[in-house]
Amino acid sequence: QKEVEQNSGPLSVPEGAIASLNCTYSDRVSQSFFWYRQYSGKSPELIMSIYSNGDKEDGRFTAQLNKASQYVSLLIRDSQPSDSATYLCAVNGPGTYKYIFGTGTRLKVLA
Amino acid sequence: EPEVTQTPSHQVTQMGQEVILRCVPISNHLYFYWYRQILGQKVEFLVSFYNNEISEKSEIFDDQFSVERPDGSNFTLKIRSTKLEDSAMYFCASSGVGNYGYTFGSGTRLTVV
């Protein structure tokens, strides 16, 4: 059974701080990794994708991937109250467009 | 920005009734998906659709479920005989060539009573 694990939280950080969200996955051959943001009652919204080891930055967001450790993370710099949401990690393997989602980490940014 | 459109936003149905959930994917996308999310749980894959046929489906997607692309724009999910446990938010998604991430629609909240 292919699994994607996330700490459910809530992770509380003060406004302006760095929020660090983590995800581990069980399928070693996973190839593509995505972070989605989901506000309560809304649909997932794509934030970032990452495919190779290392860091990928997009504005205030940095995704980090370590395939050897089967670990992917998302850093949010200068966190804002509007960043308060559930962050979903999604993983995709070779030969398929199916994503396996984690349960999500709820982030609360305190003003 | 292009978006995936889903209708209705909320549907209430009686157990045993058939429901059809509708989606209009992004026009130049080629891959279409249905996912569901039971309240408080993870987003779960149901089915993927490419080139007018199902390319992959999950164990959840049993004989009670079907998908169709009846014309060049709509993509539908039919549940033939709804059960209480089908109550969930159903998300349609689409993606283009290359695995760069899906765009999800706003979802249909299905309540089976």
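Scope of this entry: the structure provided in the associated data block.

## Focus: the interface of chain B and chain A
Point 1. Between chain B and chain A, the residue contacts involve 19 residues of the former and 22 residues of the latter.
Point 2. Between chain B and chain A, roughly 1700 Å² of surface is buried when both sides are summed, and carbon and sulfur atoms account for 52% of that area.
Point 3. Applying the counting rule to chain B against chain A returns 2 salt bridges.
Point 4. Note that A:Lys98 is salt-bridged to B:Glu56, the shortest N-O span being 3.9 Å.

## Description of the pattern of salt bridges
Point 1. Tallied over the entire structure, the rule returns 6 salt bridges over all chains.
Point 2. The partner of A:Arg60 in a salt bridge is A:Asp83, with the nearest N and O atoms 2.9 Å apart. A residue pair is termed long-range when its members are at least 10 positions apart, and A:Arg60 in the loop between strand S6 (54–58) and strand S7 (61–66) and A:Asp83 in the loop between strand S8 (71–76) and strand S9 (85–92) qualify at 23 residues.
Point 3. What makes A:Asp83 buried here is its relative accessible area of 1%.
Point 4. Salt-bridge contacts for B:Arg36 lead to B:Glu44; the nearest nitrogen and oxygen are separated by 3.2 Å.

## Remarks on the packing of aromatic side chains
The description of two aromatic rings rests on the distance between their centres and on the angle between their planes.
Residues and elements named next belong to chain A.
Point 1. Counted under the stated rule, the structure contains 22 aromatic pairs over all chains.
Point 2. Look at tyrosine 36 and phenylalanine 101: their rings are 5.7 Å apart centre to centre, the planes differ by 55°, and that puts the pair in the tilted class. A residue pair is termed long-range when its members are at least 10 positions apart, and tyrosine 36 in strand S4 (residues 32–38) and phenylalanine 101 in strand S10 (residues 99–101) qualify at 65 residues. Across the pair, phenylalanine 101 and tyrosine 36 agree in class, each one buried.

## A few points about the environment of B:Tyr90
Residues and elements named next belong to chain B.
Point 1. You can see tyrosine 90 is positioned in strand S9 (residues 88–95).
Point 2. Taking the C-alpha atoms as reference, tyrosine 90 lies 9.9 Å from histidine 10; in sequence the two are 80 residues apart.
Point 3. In this structure, tyrosine 90 is in contact with Gln6, Leu21, Trp34, Tyr35, Arg36, Leu46, Phe65, Leu77, Ile79, Gly107, Thr108 and Leu110, ignoring residues within four places of it in sequence.
Point 4. One polar contact links the side chain of tyrosine 90 to the main-chain carbonyl oxygen of aspartate 86, over a distance of 2.7 Å.

## Looking at the sheet that holds strand S7 (residues 65–68) of chain B
All names here are of chain B.
Point 1. Strand order across the open sheet formed by 4 strands is S1-S3-S8-S7, with antiparallel pairing between neighbours. If you trace the sheet from one side to the other, it starts and ends with strand S1 (5–7) and S7, each paired once. On average, each strand axis in the sheet is inclined to that of its neighbour by 20°, with strand direction left out of account.
Point 2. One ladder, built from 4 bridges, connects S7 with strand S8 (residues 75–79); its direction is antiparallel. Bridge pairing links serine 66 to lysine 78 in S8.

## Concerning the pairing of strand S11 (residues 108–112) of chain B
Residues and elements named next belong to chain B.
Point 1. Residues of S11 alternate between two faces, with Thr108, Leu110 and Val112 buried on one and Arg109 and Thr111 left unburied on the opposite face.
Point 2. Of the pairings in the sheet, the one linking strand S2 (residues 10–13) to S11 comprises 4 bridges and is parallel in character. Note on S11: the bridge partner recorded for valine 12 is threonine 111.
Point 3. Of the pairings in the sheet, the one linking S9 to S11 comprises 3 bridges and is antiparallel in character. Counted as the bridge partner of methionine 89 is arginine 109 from S11.

## Digging into the sheet that holds strand S1 (residues 4–5) of chain A
For sheets, the rule is that strands pair by backbone hydrogen bonds, running either parallel or antiparallel.
Point 1. Taken in spatial order, the 5 strands line up as S1-S3-S8-S7-S6 (chain A) in an open sheet, and their pairing is antiparallel. The sheet is open, and its two borders are formed by S1 and S6 of chain A, each paired with just one other strand.

Definitions and limits used
Residues numbered from 1 in each chain as written. Chains lettered and ligands numbered in written order. Predicted model: local features only at pLDDT ≥ 70, side-chain atom pairs only at ≥ 80, totals over all residues. Heavy atoms only, no water. Contact = heavy atoms within 4.5 Å. Buried area = accessible area lost by both parts, 1.4 Å probe. Salt bridge = Lys/Arg side-chain N within 4 Å of Asp/Glu carboxyl O. Helix = DSSP H or I, 4+ residues; strand = E, 2+ residues; numbered from the N terminus. Buried < 20%, exposed > 50% of the residue type's maximum accessible area, 1.4 Å probe, protein only. Phe/Tyr/Trp six-rings, centres within 6.5 Å; stacked < 30°, edge-to-face > 60°. Polar contact = N/O pair within 3.5 Å; in protein donor to acceptor, adjacent residues only side chain to side chain. Pairing = 2+ DSSP bridges. Axes fitted to C-alpha atoms, helices over the stretch in contact; angles between N-to-C directions.

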